[in-house]
Amino acid sequence: MRSEEQVTPLTSEELGIMPAQQAEDEGEMRLPSTIGDNDELLSRVRQLLADGFGGIIFMGPPGTGKSWYAAQIAAKLADGEPERVRYIQFHASYQYEDFVEGYVPQEGGGFRLEPKHLLDMCRKAEESNNAPCMLVIDELSRSDPGRVFGEALTYMESTRRGMTFSLASGKVVSIPENLVFLTTMNPMDRGVDEVDAALERRFAKIAMDPNRNQLERFLEGNGMAEDLRNRLLSFFDYLLSHDNQYCKVGHAYFRAVSDEDNLRRLWDHQLRFHMEKAFRLDPTGLREVSGRWHNTVLSTPAQGYSG
């Protein structure tokens, strides 16, 4: 799994996921993690990995902290060592050749077969003296995971870790036990129905639901007036109990709001479009949700709003 030219990993700073920071006691760049060793979600991930799952899928609607938590837990499990963590994101055109191995052009012409993210992290895991190495995959369902993982899909299972298998190229490889997969997925994405059942069987799922208590902490920390805070929490509860699962939004949408002006802009430039998509075939439901926002959350409905 070596090559003359190694794959260059994207840093957490380049991805905007989590900035690296200088460790005063070691004098080297570290990945910070603000969660504690006793964090409930971290403990659950550790237990699921110990139970033999090949990886974890954090599932939830947008704004529930899936990517943030995956990055935090990855940094924690890797002891803050950047070389033991790789962040990537699946998308509609993502292929086996981007993830496992593929041909890349050489100077002067011709192509060379190169290891990509999976094989590169397998090598790092093999060289890490059994220390956990993390492959964090954002938006798992935006591509076809079965096609992207290829032959490796079977060997992510804990009982097959360390077993050798052949790639399409003929190269013989294995997936080390200490390579951990942390992934995120929005269950409302259309691509979720296409996720290979074999992959889902090998990965444990953790629900990342909109969190009312976290929202309340955000609003209190931002200094939002109590009356407005209670009205917004009432609307949030209304969405959580709505029959249309697509209209749910996460607490992170409201991370920076503190007054009605913030809320008006949030609705006009983000939430409104989310609701229009959620109620694309239900104009009555859209009017109901929009009316609840304007008449309950806002003390004065927007000019020209008719409900």
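Note that the coordinates shown come from a computational prediction; the quantities given were computed from them, not determined experimentally.

Asker: Explain the pattern of salt bridges to me, using residue names and the numbers behind them.
Answerer: Under the defined criterion, the tally for this structure stands at 19 salt bridges. The salt bridge partner of Arg 231 is Asp 227, with a shortest N-O separation of 2.2 Å. Highlighted residues: Arg 231 and Asp 227, both in helix α9 (residues 226-240), separated by 4 residues, approximately one helical turn. Judged by relative accessible area, which is 17%, Arg 231 ranks as buried. A relative accessible area of 52% places Asp 227 in the exposed class. Linked through salt bridges whose partners overlap, the residues forming this network are Arg 86, Asp 120, Arg 123 and Glu 127.

Asker: How would you summarise the environment of Ile 56 if you had to cite specific residues and measurements?
Answerer: Considering the arrangement of structural elements, one finds Ile 56 in strand β3 (residues 55-59). The spacing of Ile 56 and Leu 182 is 126 residues in sequence and 5.0 Å in space, taken between C-alpha atoms. Once residues within four sequence positions are removed from consideration, Ile 56 is found in contact with Val 45, Leu 48, Leu 49, Phe 181, Leu 182, Thr 183, Phe 203, Ala 204 and Ile 206.

Asker: Outline the environment of Asn 213, listing residues and values.
Answerer: With respect to the helices, strands and loops of the structure, Asn 213 is situated in helix α8 (residues 212-221). Each C-alpha atom, one on Asn 213 and one on His 251, is 8.9 Å from the other, the two residues being 38 residues apart in sequence.

Asker: Can you lay out the packing of aromatic side chains for me, pointing to particular residues and giving the numbers?
Answerer: Each aromatic ring pair is summarised here by two numbers: the centre-to-centre distance and the angle between the ring planes. This structure, assessed with the given rule, holds 12 aromatic pairs. Between Phe 236 and Phe 254 the ring centres are 6.2 Å apart and the planes differ by 85°, which places this aromatic pair in the edge-to-face class. On the criterion of sequence distance, the pair formed by Phe 236 in helix α9 and Phe 254 in the loop between α9 and α10 (260-278) is long-range, its members being 18 residues apart. A residue is classified by how much of its surface remains accessible, and Phe 236, at 1% relative accessible area, is buried. For Phe 254, a relative accessible area of 1% gives the class buried. Three or more aromatic residues joined by ring pairs make a cluster, and in this case those are Phe 90, Tyr 94, Phe 99, Phe 149, Phe 181 and Phe 203. The positively charged end of Arg 292 is found above the aromatic ring belonging to Tyr 238, 4.0 Å away from the centroid.

Asker: Quick rundown of the pairing of β3? Include the residues and the values.
Answerer: Among the 5 residues of β3, 5 are classified as buried, and the element is accordingly described as predominantly covered. Burial along β3 is two-sided: the face carrying Gly 55, Ile 57 and Met 59 and the face carrying Ile 56 and Phe 58 are both buried. Sheet topology places β3 next to strand β10 (residues 179-185); 5 bridges connect them, and they run parallel. Bridge pairing in β10 links Ile 57 to Thr 183. Two strands pair when backbone bridges link them, and β3 and strand β11 (residues 203-207) are joined in this way by 5 bridges, in the parallel orientation. The residue bridging Phe 58 from the neighbouring strand is Ile 206, located in β11.

Conventions we followed
Residues numbered from 1 in each chain as written. Predicted model: local features only at pLDDT ≥ 70, side-chain atom pairs only at ≥ 80, totals over all residues. Heavy atoms only, no water. Salt bridge = Lys/Arg side-chain N within 4 Å of Asp/Glu carboxyl O. Helix = DSSP H or I, 4+ residues; strand = E, 2+ residues; numbered from the N terminus. Buried < 20%, exposed > 50% of the residue type's maximum accessible area, 1.4 Å probe, protein only. Contact = heavy atoms within 4.5 Å. Phe/Tyr/Trp six-rings, centres within 6.5 Å; stacked < 30°, edge-to-face > 60°. Lys NZ or Arg CZ within 6 Å of the ring centre and 35° of its normal. Pairing = 2+ DSSP bridges.

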